[in-house]
Amino acid sequence: MISDKKPMPGSWLPQATKTSPRWMSMFVLVLLITLAIIAFLSYRSIRIERGLLEETLFRQADGLARGLEASVRTGMMRSSWEEGALEALLAETAAEADILALMVVGPDGAILGAGGRPPRSALLKELLASPPQPGGPPQGHFLSEAGLYVYSKSFAEAGSGGMGRMMGRMMGRGYQSRPIPDNSWIMVIMDAGAPLSLRARQLRGSIMLALLLAAAASGILGWVFWSQRAKEVTAALSRTESYAQELVRRMPVGMIMTDGQGKVVMVNPASLSLLKKRDEKKLLGARISSIFPPEILPPERILRGKGPYITEGSLPVGKDNEMRISITATALTGEEESPSEMLILFQDVTEFHSLRDRLAHAERLAEVGKLASTVAHEIRNPLSSIRGFAQLLKDKVPEEYARYTEVMVDEVDRLNRVVSGLLSYARAETPHMERWPVAEVLEHVSALSESDSRSRDVSLRTGQIPEDLHGYFDRDMVIQALLNLVVNALEASSRGQIVRLEAGTEGDRLVFSVTDEGPGISGEDAEKVFALFYTTREQGTGLGLSLVRKTAELHGGQAGITSTESGQTVARLELPWTEEEERI
């Protein structure tokens, strides 16, 4: 059974969902700011580390250069400076860790002395071409590609100039030798590969950290996005399911779905209403063949067919009722892509067929009306002449032939009644609806039928009708219909029998009834007596009860006739009625 969950107010169709970009924009903005901060801090940290490293290497190289200067001055002052002493001092000093080369370079770029492992000639030539400014401050810089740190400084003691001449005057003597000319300079080349490699690894680590953070943030962003999207899709599917359930629940046609074994697995409320079932449990699990006979709905033919199976048939409803239904069945493809389930839509077309029959009946009436109009003009005038001549002959012929003229007059009157009834039946009329007291209508019908009932020695009795019972109907049409029913009842009654004329309400119906004690009527004749020209009496025209049915249909009601177990025959004229009609 379809769920009773109500859909959300609003449009019947599910609204398209759109992921709001607001929170996504905020998340992306925060992510970019975070990455920018990480990049800035990483860059700043690298710059600080580079500065500290450069300062450390500079101080180390500067200490070596000043120590070399001091050693040279001390050796020169002790008169122990010999040839080759500078190279020995440079080699000893360059033996320290991280020192690749220590050189003293002359003003012309010639190497006066060197210790350690000088770099290749091309790089060395490039370094020698960039001497420091004489008397200027020491300089230091990295050669990142070569992994070197290069320090250069003007030599503070050059021959007999400057500090040497001053010290010589103070001590009363001069230098023993002047191996280092003026404007010479010291170059210290240090191995910076390990610090630079560490700095590179730190840089790569920072980059990897930033990338990992970006990847993590992207993953979180994607997870949040798809999570939100999944929620929206789930909500959309839930709304669509709710709308579909509500649509099926409100469908005016019956819908039944079966499984692969032909058992009912789903029904909608309209199915229960059409099949007169109050509990869906009586249908769920039942075989479809127990609801729709195989001759109406053959499952094998439906499952083999490529399109919908459309048919009509009659379905028993209740004990004595039958419903005309229209069925559209189609096979549903299961998981194995083979039709195994069925979807069945059906609706009650009884009223449609009734309307179709009424339309055909109206078309026949139209044809009869045309015929009746022609017949009336062509027959009534000759009938009047024949009747007049017959009455005239009655006084002219011998008495033994007078009875034939009476028969002629009676037959002419009967034929005239047939023509009049035919014209009345075929005439296109619209009821003139007004509010009338029911008791007054019955009294009028009784008064009109009194002479006929006396002549037949049949008692016509009118039931007790409340004076405040009223109804909306065409008074003349209803009176004529009731007169036809009373005449039929009087003709079917024997002398001394009783005919009752009564009226009352039954639910939303105002019911007029005429009951007689005649021979009764068979079930077969009860279905046919309201048909045009059908009669069970030799002198009947077959128009009286047809006019009664026409009056009922024009008022939106119905007419019927039945026989009771006691042998009485009851003819009924039912018209629409509401309690408001009585209170007005």
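A brief report on the enclosed structure follows. Fair warning: this is a prediction, and the values are worked out from it, not measured in the lab. (Residues numbered from 1 in each chain as written. Predicted model: local features only at pLDDT ≥ 70, side-chain atom pairs only at ≥ 80, totals over all residues. Heavy atoms only, no water.)

Judged by nonpolar contacts, the single largest core of 36 residues is most densely connected at Val478, Leu482, Leu485, Phe512 and Leu573. Those elements that place two or more of their residues in this core are helix H10 (438–455), helix H11 (475–492), strand E14 (498–506), strand E15 (509–516), helix H13 (544–554) and strand E17 (569–576). The element contributing the most residues to this core is H11, with nine residues. (Core = buried A, V, L, I, M, F, W, Y, C linked by side-chain atoms within 4.5 Å. Buried < 20%, exposed > 50% of the residue type's maximum accessible area, 1.4 Å probe, protein only. Helix = DSSP H or I, 4+ residues; strand = E, 2+ residues; numbered from the N terminus.)

Between H11 and H13, the least distance of the axes is 9 Å, while the angle of their chain directions is 145°. The handedness of the crossing between H11 and H13 comes out as left-handed. Residues Met477, Val478, Ala481, Asn484, Leu485 and Asn488 of H11 form the contact with H13, whose own contacting residues are Gly544, Leu545, Leu547, Val548, Thr551 and Leu554. Considering only residue class, the contact of H11 with H13 consists of eight nonpolar, four polar and no charged. (Axes fitted to C-alpha atoms, helices over the stretch in contact; angles between N-to-C directions. Left-handed = near helix turned anticlockwise from the far one by under 90°. Contact = heavy atoms within 4.5 Å. Nonpolar A, V, L, I, M, F, W, Y, C, P; charged D, E, K, R; others polar.)

To continue, consider the packing of H10 against H11. Between H10 and H11, the least distance of the axes is 10 Å, while the angle of their chain directions is 40°. On the basis of their axis angle, the class for H10 and H11 is oblique. With respect to the hand of their crossing, H10 and H11 are arranged in right-handed fashion. The residues of H11 that touch H10, namely those facing Glu440, Val441, Leu442, His444, Val445, Leu448, Ser449, Asp452 and Ser453, are Arg475, Val478, Ile479, Leu482, Leu483, Val486, Val487 and Leu490. Its residues assigned to classes, the contact of H10 with H11 comprises 11 nonpolar, three polar and three charged. (Parallel < 35°, antiparallel > 145°, perpendicular 65-115°, else oblique.)

This part covers the layout of surface pockets. There is about 500 Å³ of room inside the second largest pocket. Glu527, Phe530, Arg549, Gln558 and Ala559 are, among the 15 residues lining the second largest pocket, the residues nearest its centre. No other element matches the five residues that strand E16 (residues 558–563) contributes to the lining of the second largest pocket. Taken together, the residues of the lining of the second largest pocket break down into four nonpolar, six polar and five charged. (1 Å grid on protein atoms, 1.4 Å probe; cavity = no way out; pocket = protein on both sides within 12 Å on 5 of 7 lines; lining within 4 Å. Points joined across faces, edges and corners; volume = space filled by probe spheres on them.)

Bringing H13 into the picture now. Each turn of an α-helix holds 3.6 residues, which means side chains three or four residues apart point in the same direction. Every buried residue of H13 is accounted for by Leu545, Ser546, Leu547, Val548, Lys550, Thr551 and Ala552. Once H13 finishes, Gly556 follows within two positions and takes phi at roughly 80°, a positive value.

Quick look at unusual backbone geometry now. Although it is not a glycine, Asn183 sits at a positive phi angle of roughly 60°. Turning to its location among the elements, Asn183 is positioned in the loop between helix H4 (163–171) and strand E5 (185–191). Look at Asp457: it is not a glycine, yet its phi comes out positive at around 60°. Tracing the backbone through its elements, the reader meets Asp457 in the loop between H10 and strand E12 (459–462).

What follows concerns the environment of Gln568. Position of Gln568 relative to the elements: it lies in the loop between E16 and E17. Counting along the chain gives 49 residues from Gln568 to Pro519, while the straight-line C-alpha distance between them is 7.6 Å. Those residues in contact with Gln568 that sit more than four places away from it in its chain are Arg500, Thr515, Asp516, Glu517, Thr562 and Ser563.

With that settled, the discussion passes to the pattern of salt bridges. Taken as a whole, this structure holds 14 salt bridges when the rule is applied. Between Asp62 and Arg66 there is a salt bridge, and its shortest N-O distance comes to 2.8 Å. Taken together, the residues span about one helical turn, with Asp62 and Arg66 both in helix H1 (residues 21–77) at a distance of four residues. Taking relative accessible area as the criterion, Arg66 reaches 42% and is therefore assigned partly exposed. (Salt bridge = Lys/Arg side-chain N within 4 Å of Asp/Glu carboxyl O.)

The antiparallel open sheet is built from five strands, whose spatial order is E2-E1-E5-E4-E3. Taken across any chain shown, the strands that pair with only one partner, and hence form the sheet edges, are strand E2 (111–116) and strand E3 (139–143). Adjacent strand axes in the sheet meet at a mean angle of 15° when their direction is disregarded. One ladder, built from five bridges, connects strand E1 (residues 99–105) with E2; its direction is antiparallel. In the strand pairing of E2, Val104 is matched with Gly113. (Pairing = 2+ DSSP bridges.)

Now for a nonpolar patch on the surface. On the surface, Met26, Leu29, Ile33, Ile37, Phe40 and Leu41 cluster together to form a nonpolar patch covering roughly 600 Å² of accessible area. Note that Met26 resides in helix H1. (Patch = residues over 30% accessible without salt bridge, like charges linked within 9 Å, V, L, I, M, F, W, Y side chains within 5 Å. Areas by Shrake-Rupley, 256 points an atom, 1.4 Å probe, with all protein chains shown as cover.)

Overall, mixed pairing links the five strands, which are arranged E12-E14-E15-E17-E16 in an open sheet. Strands at the two margins of the open sheet, each flanked by one partner only, are E12 and E16. Each strand of the sheet is rotated relative to its neighbour by a mean of 20°, with strand direction disregarded. Sheet analysis places E12 next to E14, joined by four bridges and oriented parallel. Residue pairing for E14: Leu460 is matched across the bridge by Val499. Strand contacts of H13: E16 and E17, with the helix running at about 135° to E16, the strand carrying the most contacts.

Before going further, it helps to examine the packing of aromatic side chains. Scanning all chains against the criterion turns up four aromatic pairs. A centroid spacing of 5.4 Å and a plane angle of 65° characterise the contact between Phe58 and Tyr151, whose relative ring orientation is edge-to-face. Taken together, the residues Phe58 in helix H1 and Tyr151 in strand E4 (residues 148–154) connect sequence positions 93 residues apart. Exposure remark for Tyr151: the relative accessible area of 0% places this residue in the buried category. Plain terms: the ring middles of Phe142 and Tyr149 are 5.1 Å apart, the flat faces sit at 65° to each other, and that makes the pair edge-to-face. In this pair, the class of Phe142 matches that of Tyr149, namely buried. Its end group placed over the ring of Trp436, Arg475 keeps NZ or CZ at 5.3 Å from the ring centre. (Phe/Tyr/Trp six-rings, centres within 6.5 Å; stacked < 30°, edge-to-face > 60°. Lys NZ or Arg CZ within 6 Å of the ring centre and 35° of its normal.)

This part takes up the side chain of Thr311. Tracing the chain through its elements places Thr311 in strand E8 (residues 309–317). In this view, Thr311 contacts Ile296, Ile325, Ser326 and Ile327; residues no more than four positions away in its chain are not counted.

Over its 18 residues, H10 extends 27 Å from the first C-alpha to the last, a length consistent with the 26 Å expected when each residue adds 1.5 Å. At Ser449, H10 shows its largest bend, some 45°. Taken together, the buried positions of H10 are occupied by Val438, Ala439, Val441, Leu442, Val445, Ser446, Ser449 and Ser453. Next to the buried residues of H10 lie strand E11 (434–437), E12, strand E13 (470–473), H11, E14 and E15. (Expected span 1.5 Å × (residues − 1). Bend = angle between axes of the 7 residues up to and from the residue.)

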